[in-house]
Amino acid sequence: MSATDFWAEPQDLVSIATESPKAKTLEFDDGFEACEKVSVATKHGNMDVYIQGDRALKPIVTVHEIGLNYKSCFKGLLSHSAADPFKKKFCFYHINLPGQGANDATLSSFPSMDGLAEMVDEVAVHFKLPGYVGVGAGAGANVLLRVALNNPSIKITGLLLISPILQSQWWGEWVFDKIARMQTNNAAKMPSFVVEQYLKTYFGTKTLEHNLDLVQLFRRHLADELNPQNFRQLQAAYAARTDLLAKVKPDSFDVPVLMMYGGQSTNMQWCQDSIERFPKDRFSNIKIWECGDMLHEEEPDEVLVAFRLFLQGLGLIF
């Protein structure tokens, strides 16, 4: 600044230009190439798969949580800078469970949880995967473990299970499930009660109180983009799930598992009760204290560090 500018008379402010902030979206906006959509025909109907990356790379198959889809469930994880090495080494096959995409048409029927597992296995066969690592969140984790326990056609080399419930439905869940299904019956939009209850499940207190933009993003997705009748059908299938832990035999279950869950998750106790059922030499678990079920959205860096070490233990060196 020159001496002349310093001693000049101050100027009145004439006008202020305002600009609306860019709204957050669920699109992958980190420069990574767009996903290729492939609809795979299975004996239970079509399954939409979104392929992210070069198919020549090692495959990772993802299955999302109830109330979400592949974008809303895994965008935060894969848009994080710590995910860049994964994108260079792996091709992601994101599975959208039937009818759970944004603004999908209402389905006339819906498969059981075992049926969903069979669909995932058929998808792996369709793409002729040589074997794959599975990443599942919530209901998606239940589906992927179900695949691994049902003699899959394609070998699963490892599983990252995020906030899984592997037991059958318990009474508290039954009460909420009944209320939610009553409220969504013939509803054109997701009822606010159901939306808010799922947000409290997805996120810990810190996120709910301080990351209001993120919470609003997921509130908007649940309220405006999800078909409530399709959600209701998936919820009914999930409510009728069978207990998987009874099928996990430590002497014969040979799939390495990394389980991660939040310290503020409403399902934390169910995750902890699952730990002793897995073979100790092929199982690891991590609790992230301030998170709910969506810890991969709340603390993606911590999840990615643990996942990277898990993959290195499988011999998938970066």
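Scroll up to find the structure this text is about.
Keep in mind that this is a model prediction, so the values were computed, not measured.

The rules we used
- Residues numbered from 1 in each chain as written.
- Predicted model: local features only at pLDDT ≥ 70, side-chain atom pairs only at ≥ 80, totals over all residues.
- Heavy atoms only, no water.
- Phe/Tyr/Trp six-rings, centres within 6.5 Å; stacked < 30°, edge-to-face > 60°.
- Helix = DSSP H or I, 4+ residues; strand = E, 2+ residues; numbered from the N terminus.
- Buried < 20%, exposed > 50% of the residue type's maximum accessible area, 1.4 Å probe, protein only.
- Axes fitted to C-alpha atoms, helices over the stretch in contact; angles between N-to-C directions.
- Parallel < 35°, antiparallel > 145°, perpendicular 65-115°, else oblique.
- Contact = heavy atoms within 4.5 Å.
- Nonpolar A, V, L, I, M, F, W, Y, C, P; charged D, E, K, R; others polar.
- Salt bridge = Lys/Arg side-chain N within 4 Å of Asp/Glu carboxyl O.
- Pairing = 2+ DSSP bridges.
- Polar contact = N/O pair within 3.5 Å; in protein donor to acceptor, adjacent residues only side chain to side chain.

Asks: How would you explain the packing of aromatic side chains if you had to name every residue and give the values?
Replies: Inspection of the entire model under this criterion finds ten aromatic pairs. Ring centres of Phe86 and Phe307 lie 5.6 Å apart, and the angle between their planes is 5°; this geometry places the pair in the stacked category. One end of the pair, Phe86, is in helix H3 (residues 84–89); the other, Phe307, is in helix H13 (residues 300–313), with 221 residues separating them in the sequence. Both residues of the pair, Phe86 and Phe307, count as buried.

Asks: Now, about the packing of helix H6 (residues 171–184) against helix H7 (residues 192–202): what can you tell me, with residues and values included?
Replies: With their axes 9 Å apart at the nearest point, H6 and H7 run at an angle of 140° to one another. By the angle class used here, H6 and H7 are oblique. On H7, the residues that touch Phe176, Ile179, Ala180, Gln183 and Thr184 of H6 are Phe193, Val194, Gln197 and Tyr198. When grouped by side-chain class, the residues that make up the contact of H6 with H7 number six nonpolar, three polar and no charged.

Asks: Account for the pairing of strand S4 (residues 90–96), with residues named and values stated.
Replies: Burial analysis of S4 places seven of its seven residues in the buried class, which makes it a mostly covered element. Residues Phe90, Phe92, His94 and Asn96 line one face of S4 and the alternating positions Cys91, Tyr93 and Ile95 line the opposite face, and both faces are buried.

Asks: Break down the pattern of salt bridges for me, citing the residues and quoting the values.
Replies: In total, this model carries ten salt bridges according to the counting rule given. In this structure, Arg282 engages Asp281 in a salt bridge whose closest nitrogen and oxygen atoms are separated by 3.1 Å. For Arg282, a relative accessible area of 24% puts it in the partly exposed group.

Asks: I'd like a description of the sheet that holds S4, backed by residues and values.
Replies: Sheet architecture is open: eight strands sit in the order S1-S2-S4-S3-S5-S6-S7-S8, paired in mixed fashion. Looking along the sheet, the strands with just one partner apiece sit at the ends: strand S1 (36–42) and strand S8 (283–288). Taken over all neighbouring pairs, the strand axes of this sheet differ in orientation by 20° on average, direction set aside. Taken together, the five bridges between strand S2 (residues 45–52) and S4 define a ladder with antiparallel strand orientation. Bridge pairing in S4 places Asp48 opposite Asn96. Across the sheet, helix H2 (residues 70–79) is in contact with S2, strand S3 (58–63), S4 and strand S5 (132–137); its angle to S4 comes to roughly 155°.

Asks: Now, about the side chain of Thr42: what can you tell me, with residues and values included?
Replies: One can find Thr42 in strand S1. Under the relative-accessibility criterion, Thr42 is labelled buried at 12%. Reaching out from Thr42, the side chain makes a polar contact with the backbone oxygen of Gly45 at a distance of 2.5 Å. Ignoring anything within four residues of it in the chain, the contact list for Thr42 reads Met119 and Glu122.

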